[in-house]
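# Secondary and tertiary structure notes
These are the residues of each chain, in order.
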Amino acid sequence: MTALVYEDFGTGRHREASLIRHALGSVHDEALVAGLAGGIGFMYFVFEYAGHPPTPTIVAQAHPDPWVQVALGRLHIPYEATRSAKPRWNRVEAALDAGAPVFCTVNRSGLPWHPPAAMAELASADPYVVVVVGYEGDTFYVEDGADTPYAIGREEFGAAWSGHKEGRHQMVVTTGKPAGEPDLDAAIAATVSRLTGPVLGNRFDVNFGFTGMEKLAAQLRDTRTRTGWEQRFATPETFAVGAGRLYSCLEEEGTAPGATRPLYADFLDLAGYAEAAELFRASGRQWSQLAELARTTGSGTDAEGRRAFFDACADLVDGALALERDAVALLPAAR
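A few points on the structure.

Analysis parameters
- Here the residue numbering is sequential within each chain, running from 1 through the sequence in written order.
- Where totals are concerned, whole chains, interfaces and linings use all residues; where local detail is concerned, this predicted model gives features only for residues with pLDDT of at least 70, and gives and counts side-chain atom pairs only at 80 or more.
- Working from all heavy atoms in the structure, the side-chain values ignore hydrogens and water.
- Numbering goes from the N terminus for both helices and strands, where a helix is a DSSP run of H or I of at least four residues and a strand is a run of E of at least two.
- Using C-alpha atoms as the atom set, the radius of gyration is obtained and then compared with a globule rule of 2.2 Å times the number of residues to the power 0.38.
- Exposure classes here rest on a 1.4 Å probe applied to the protein chains alone. A residue is buried below 20% of its type maximum, exposed above 50%, and partly exposed in between.
- Should any heavy atoms of two residues lie within 4.5 Å, those residues are counted as being in contact.
- Axes here refer to lines fitted to C-alpha atoms; in helices the fit is confined to the stretch in contact. Angles between the N-to-C directions go from 0 to 180 degrees.
- Any angle that falls under 35 degrees is termed roughly parallel, while one over 145 is termed roughly antiparallel, one within 65 to 115 roughly perpendicular, and all others oblique.
- Take the far helix as the reference: if the near one is turned anticlockwise from it by less than a right angle, the crossing is left-handed, and if turned clockwise, right-handed.
- Pairing between two strands is assigned when DSSP locates at least 2 bridges connecting them.
- When charges are counted, neither His nor the chain ends are considered; positive counts come from Lys and Arg and negative counts from Asp and Glu.
- For salt bridges, the criterion is a side-chain nitrogen of Lys or Arg within 4 Å of an Asp or Glu carboxyl oxygen.
- Each residue is assigned to one class: nonpolar for Ala, Val, Leu, Ile, Met, Phe, Trp, Tyr, Cys and Pro, charged for Asp, Glu, Lys and Arg, and polar for all the others, Gly among them.

For the rest of this paragraph, the subject is the overall build of the protein. What the protein contains, in helices and strands, is 13 helices and eight strands. Relative to the compact-globule value of 20 Å for 335 residues, the protein shows a C-alpha radius of gyration of 20 Å, a close match. Considered along the principal axes of its C-alpha atoms, the protein spans approximately 60 × 50 × 35 Å. In the protein, which comprises 335 residues, the share counted as buried stands at 51%. Counting contacts in the protein only where the partners sit at least 6 residues apart, residues at least 24 apart contribute 71% of the total.

In structure tokens form, the structure reads like this:
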């Protein structure tokens, strides 16, 4: 067996920031890594697939730029990112033999330690990064947030590695030591740009940043059109999905608790922006309050109760948005 290239496992507040931190030898603070990778953002869509209830999705962290490559770039750590038509196991093993962990983009639902995805279409479209940290014959050892690495066979891991179309067989491997100091200013400027927009430069930009928050609040309050939450989530089944997704997207899935805002506030403290940090902490409390409201509101809530829930959520979104606008105004890239 190739020895594990490191032995510090488990997730702090943010899974992907922890993966990067461990792969670099745990020499960096989790908040620093998260902030350099992009920290916070906001993306809001409601996806509709035949045979499934509407599925709201919020990405509260930096998106869509890849966390690993962005973090390594702002840490000035050289790396090689490659993709191939088929798995290059010899490259994976060579990197591990040289002591370098391998970041791989996979289809999360293809990993046996994750429960089967309720919506395969959504799961396969979502890039999910894990780190291969060792191997023994045809068994690979993968870090994915647990206190110890998972063992998985070559064929099974290969299927998951093939499952995300845009990241098919992508691997990222560091190739050297840092060549400069962490680029805090570039990271903060990118966060400001991501929140104030445009992000993609196309018609979907309305779903990102502050305009995405405004759209979410408006659809929560909308009582007239089919895109409003009152009509979209009018049955116990659809309401349970909508409320459940609010909770998971703000506290668990692709985020740190509080929509990643408290973790980003810690990064701003490190960067010397304490006043903006406190505003983002307050915003994080708003997002967590919304998530808790979603978690504790039962699927059997009647129409009047659902209307009160949607209005309360919209007010919390408005409160978070106001705090974040004030925070961004204090950051240098906004001046």
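Packing of helix α10 (residues 236-251) against helix α13 (residues 303-329) leaves a shortest axis separation of 13 Å and a crossing angle of 25°. Viewed along their axes, α10 and α13 adopt a mutual orientation that is roughly parallel. Like other packed secondary-structure pairs, α10 and α13 cross with a definite hand, here left-handed. Residue-level contacts link F239, A243 and L246 of α10 to R306, F309, F310 and C313 of α13.

This paragraph deals with the pairing of strand β2 (residues 55-61). Along β2, seven of the seven residues are buried, which leaves the element largely enclosed by surrounding structure. Note that strand β1 (residues 40-47) and β2 share six bridges and pair antiparallel. Pairing of V46 across the sheet is with P56, part of β2.

Attention now goes to the side chain of E16. Here E16 lies in helix α1 (residues 15-23). Notably, E16 is buried but unbridged: the nearest opposite-charge side chain belongs to R15, and the N-O separation is 4.4 Å. Those residues within four positions of E16 in sequence are excluded, and the remaining contacts are Q61, W67, V68 and V129.

Reading across from one edge, β3-β8-β4-β5-β6-β7 is the order of the six strands in this open sheet, with antiparallel pairing throughout. Every other strand in the sheet has two partners, leaving β3 (79-82) and β7 (150-153) as the edge strands with one partner each. Pairs of neighbouring strands in the sheet enclose a mean axial angle of 35°, with direction left out of account. In terms of strand pairing, strand β4 (residues 102-106) meets strand β5 (residues 128-136) through five bridges, oriented antiparallel. In the strand pairing of β5, V106 is matched with Y128. Here helix α6 (residues 154-162) sits on the sheet and contacts β4, β5, β6 (139-143), β7 and β8 (171-174); the angle it forms with β7, its principal contact strand, is near 95°.

Let's shift gears to the packing of helix α2 (residues 30-37) against helix α3 (residues 67-74). Running from N to C, α2 and α3 cross one another at 105°; their axes reach a closest spacing of 7 Å. Of the possible angle classes, the one that applies to α2 and α3 is roughly perpendicular. Mapping the contact onto sequence places V33, A34, L36 and A37 in α2 and W67, V70, A71 and R74 in α3. In the contact of α2 with α3, the residues fall into seven nonpolar, no polar and one charged.

This part is about the side chain of Q286. Relative to the helices and strands, Q286 resides in helix α12 (residues 274-296). Judged by relative accessible area, Q286 falls into the buried class, the value being 19%. Discounting residues that sit within four places of it in the chain, Q286 has contacts with D315, L316, G319, A320 and L323.

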